[in-house]
Amino acid sequence: MSKTKLTINNNGSVKIEGDFEIVDRNGNVYGLQGREVLSICRCGLSKNKPFCDGAHNGHFEHEAIAFDLPPKKV
């Protein structure tokens, strides 16, 4: 199984690549029609949520720079 990769795009969506499935809060699977790459909305403006439709263009700003999270609480 290939590793799933999520890319946080500047001023936009989260791109998902690899072997994955997406389910709603009840566990129902979204029909992705064989897609192995797609984008999830982060701005809340998409009319096709949870998927990105590009509505963020010019309306959402975030510079995606990776950082380390604090240690996990035990």
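Each value, and the rule that gives it
- Along each chain, residues carry numbers from 1 onward, in the same order as the chain's sequence is written.
- pLDDT decides what is reported in this predicted model: residues at 70 or higher carry local features, side-chain atom pairs at 80 or more are listed and counted, and totals for whole chains, interfaces and linings draw on all residues regardless.
- With hydrogens and water stripped out, all remaining heavy atoms of the structure feed into the side-chain values.
- For the purposes of this entry, the term helix denotes a DSSP run of H or I that reaches at least four residues, the term strand denotes a run of E that reaches at least two, and both are numbered from the N terminus.
- Both definitions apply: the radius of gyration is a C-alpha atom measure, and the globule rule equals 2.2 Å times residues to the power 0.38.
- Residue exposure (1.4 Å probe, protein chains only): buried if accessible area is under 20% of the type maximum, exposed if over 50%, otherwise partly exposed.
- Here, two residues are considered to be in contact whenever any of their heavy atoms come within 4.5 Å of each other.
- Residue-level accessible areas treat just the shown protein chains as cover; the underlying method is Shrake-Rupley with a 1.4 Å probe.
- Cavities and pockets are defined on a 1 Å grid built over the protein atoms alone: a cavity is a set of grid points where a 1.4 Å probe fits but cannot escape, while a pocket is an open set with protein on both sides within 12 Å along at least five of seven lines, and lining residues are those with an atom within 4 Å of any such point.
- Grid points are joined across faces, edges and corners, and a volume is the space filled by probe spheres set on the points.
- Gly is placed with the polar residues, together with every amino acid not listed as nonpolar (Ala, Val, Leu, Ile, Met, Phe, Trp, Tyr, Cys and Pro) or charged (Asp, Glu, Lys and Arg).

A separate point is the overall build of the protein. Counting its regular elements, the protein contains zero helices and three strands. Going from N to C terminus, the protein has its helices and strands arranged as β-β-β. Taken over the C-alpha trace, the protein has a radius of gyration of 14 Å; the compact-globule value for 74 residues is 11 Å, which it surpasses by more than 25%. In terms of its C-alpha atoms, the protein occupies a principal-axis envelope of roughly 40 × 35 × 25 Å. Expressed as a percentage of the 74 residues in the protein, the buried residues total 18%. Within the protein, counting contacts between residues at least 6 apart in sequence, those at least 24 apart form 29% of the total. Accessible surface, the protein as shown: approximately 6,200 Å² in total, 50% of it carbon and sulfur.

Moving on, we get to empty space enclosed by the protein. In this structure the tally under the stated criterion is one cavity of 30 Å³ or more. In this structure, the largest cavity spans a volume of roughly 40 Å³. The wall of the largest cavity is formed by G12, S13, C41, R42, C43, S46, C52, D53, G54, A55, H56 and F60. Broken down by class, the residue content of the lining of the largest cavity amounts to five nonpolar, five polar and two charged.

Moving on: unusual backbone geometry. When glycine is set aside, most residues are seen to have a negative phi, and most peptide bonds are trans. Note that the residue after K49, namely P50, is joined by a cis bond; omega there is 15 degrees. You can see P50 is positioned in the segment after β3 (37-40). Within the chain, N11 stands out as a residue other than glycine whose phi angle is a positive 55 degrees. On the secondary structure map, N11 appears in the loop between β1 (5-8) and β2 (14-17). Taking the relative accessible area as the measure of exposure, N11 reaches 37% and is therefore partly exposed. Positive phi is not limited to glycine here, since Q33 has a value of about 55 degrees. The exposure class of Q33 is exposed, given its relative accessible area of 69%.

Honestly, that's just the spatial picture; any functional story needs more than this.
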